Amino acid sequence: MGKIRTSEAPVNIMVMGSTGAGKTSFINLASGSELRTSSGLESCTEQIQLASPFTLDGHSVTLVDTPGFDDTTKSDSEILTIITDYVLSEYDKGNRFTGVIYLHRITDNRLGGAALRNFRFFCQLCGNDALPNSALVTNMWNSISLEIAEARESELKQKDIFFKPALDAGAKLLRHDGTVESAHAILRQLITNPPCTLLLQREIIEERKHISETAAGVALLGELALAEQKFREQMRELLKEIDEAIKQNDEADRLELEENRRRLEAQHARREEAERTIKEAPMYKRPTIWRKLRDIISSILCIPGRRGLTQTSIV
Ligand SMILES: Nc1nc2c(ncn2[C@@H]2O[C@H](COP(=O)(O)OP(=O)(O)OP(=O)(O)O)[C@@H](O)[C@H]2O)c(=O)[nH]1
Ligand SMILES: [Mg+2]
């Protein structure tokens, strides 16, 4: 790609959302990049990746692709850690985000499970001060009838458990019709924003909080605690049923129940691991002058970047 000529300050926009929401497709469409998109149910983007910078209205725009919470490959703690590492290192390099996009498929008939966790995380990452720099973008409008899509959009807009609080705080609600023009029109709503500091950056760097004490960390630990409570209740029931099957000499039933028990215990072990990942994460250390110098030299010499970051194109 040729050298970008721009008259304005560079613009960094992060794109978030559930697995399969269309984050990478949106980024490729807008920037002309060729990042890998998914075709199955498993998450495809597992690390932060940067698209090729491109020019829009005189701004050099870099779109940042993020992995979402998805229940398949990585735990929510790992995703939280990956995104946290990235936004903190950007802050330390003096880069601020001009915008954050939350992408949501209008074809989803409810914002539940992983989608709700992703949306809450997006709000906790931004915080009320940065939400005016954000856009909640619904896509896949041509995959269902306009009537149904509009009914869903109005529900998302009006309900406190969905988009309403973020919209009240200044987030924009926009539609993406799958065309380049639509992707650029969405970005035009964000590129003139004054760059912002995200709540997560402020909490960890300015207020010196541990990740487990941030709004996002507290919410994640709360969810894990709730799941553990449910696990204990389910295990109590299951153990009673196993005892009963043994008393009744029902070997088939016992084997099936034992299988359920192993599944629950495996989920419990993953949650324990996720909790450790957050609670035992080291306090964030701001880079020393030597580390900053090393990063600058590495970027001049094009030495591959930090853990978790793939720069797909350097202009
Ligand atoms: N109809 C329609 N399909 C889309 C659109 N955007 C993406 N898709 C399809 O949705 C699927 C997932 O798209 P991706 O861009 O890989 O989604 P993602 O959010 O990056 O997913 P992860 O990387 O797994 O988190 C792919 O099959 C795309 O072709 C859209 O605007 N309309
Ligand atoms: Mg992706």
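Residues numbered from 1 in each chain as written. Chains lettered and ligands numbered in written order. Predicted model: local features only at pLDDT ≥ 70, side-chain atom pairs only at ≥ 80, totals over all residues.

- Looking at an unreviewed UniProt entry, one finds the protein chain named G domain-containing protein and attributed to Ceriporiopsis subvermispora.
- UniProt, in the comment section headed Cofactor (unreviewed entry), describes the protein chain in these words: "Mg(2+)". (UniProt positions renumbered as here; feature names shortened; annotations may be inferred.)

**Quick notes on the site of ligand 1**
In step 1: Taken together, 20 residues sit near ligand 1, with Gly 22, Thr 24, Ser 25, Thr 37 and Thr 45 positioned nearest.
In step 2: Its residues placed into classes, the shell around ligand 1 shows four nonpolar, 15 polar and one charged. (Near = placed C-beta within 6 Å. Nonpolar A, V, L, I, M, F, W, Y, C, P; charged D, E, K, R; others polar.)

**What to know about the pairing of strand E1 (residues 11-17)**
In step 1: In terms of burial, E1 is a largely internal element, six of the seven residues being buried.
In step 2: Two elements, E1 and strand E4 (residues 59-65), share five bridges in a ladder whose sense is parallel. Bridged to Ile 13 within E4 is Leu 63.
In step 3: Pairing of E1 with strand E5 (residues 99-105), which is carried by five bridges, proceeds in the parallel orientation. Its bridge partner lying in E5, Gly 17 is registered against Leu 103. (Buried ≥ 20, exposed ≤ 12 C-beta atoms within 10 Å, placed from the backbone. Helix = DSSP H or I, 4+ residues; strand = E, 2+ residues; numbered from the N terminus. Pairing = 2+ DSSP bridges.)

**Side note on the environment of Leu 255**
In step 1: With respect to the helices and strands, Leu 255 occurs in helix H9 (residues 251-279).
In step 2: Leu 255 gets classed as exposed once you count the C-beta atoms within 10 Å, which come to 10.
In step 3: Along the chain, Leu 255 and Ile 242 lie 13 residues apart, while their C-alpha atoms are 8.8 Å from each other.

**Here we look at the nonpolar core**
In step 1: Of all hydrophobic cores here, the largest spans 61 residues; its most connected members are Ile 13, Val 15, Ile 101, Cys 126 and Leu 198.
In step 2: Looking at which element gives the most residues to this core, the answer is helix H3 (residues 113-130), with eight residues.
In step 3: Two domains share this core, each providing at least three of its residues, namely domain 1 (11-208 + 286-311) and domain 2 (211-279).
In step 4: Aside from chain neighbours lying at most four places away, what touches Ile 101 is Ile 13, Val 15, Met 16, Ser 134, Ala 135 and Val 137. (Core = buried A, V, L, I, M, F, W, Y, C linked by C-beta atoms within 7 Å. Domains from an automatic or database assignment. Contact = placed C-beta atoms within 7 Å.)

**Here we look at the pairing of strand E6 (residues 134-139)**
In step 1: Within E6, six of the six residues are buried, which leaves it mostly tucked inside the rest of the structure.
In step 2: What you see with E6 is no split at all: Ser 134, Leu 136 and Thr 138 on one side and Ala 135, Val 137 and Asn 139 on the other are buried throughout.
In step 3: With six bridges connecting them, E5 and E6 associate as parallel partners. Note on E6: the bridge partner recorded for Leu 103 is Val 137.
In step 4: For E6 and strand E7 (residues 172-175), the ladder comprises four bridges, and the chain directions are parallel. Each bridged residue has a counterpart across the sheet, and for Val 137 the counterpart in E7 is Leu 174.

**A few points about the environment of Asn 118**
In step 1: Note that Asn 118 resides in helix H3.
In step 2: The spatial distance from the C-alpha of Asn 118 to the C-alpha of Asp 70 is 8.4 Å, given a sequence separation of 48 residues.
In step 3: Here Asn 118 is in contact with Met 16, Gly 17, Ser 18, Gly 68 and Phe 69, once residues within four sequence places are set aside.

**Here's the deal with helix H7 (residues 199-206)**
In step 1: For H7, every residue scored as buried is listed here: Leu 199, Leu 200, Gln 201, Glu 203 and Ile 204.
In step 2: In this structure, the buried side of H7 is in contact with helix H2 (76-92), H3 and helix H8 (215-247).

**Points about unusual backbone geometry**
In step 1: A positive phi is found at Met 140, a non-glycine position, where the angle reads about 60 degrees.
In step 2: Here Met 140 shows up in the loop between E6 and helix H4 (146-158).
In step 3: Unlike most non-glycine residues, Arg 208 shows phi in positive territory, near 55 degrees.
In step 4: Position of Arg 208 among the secondary structure elements: in the loop between H7 and H8.

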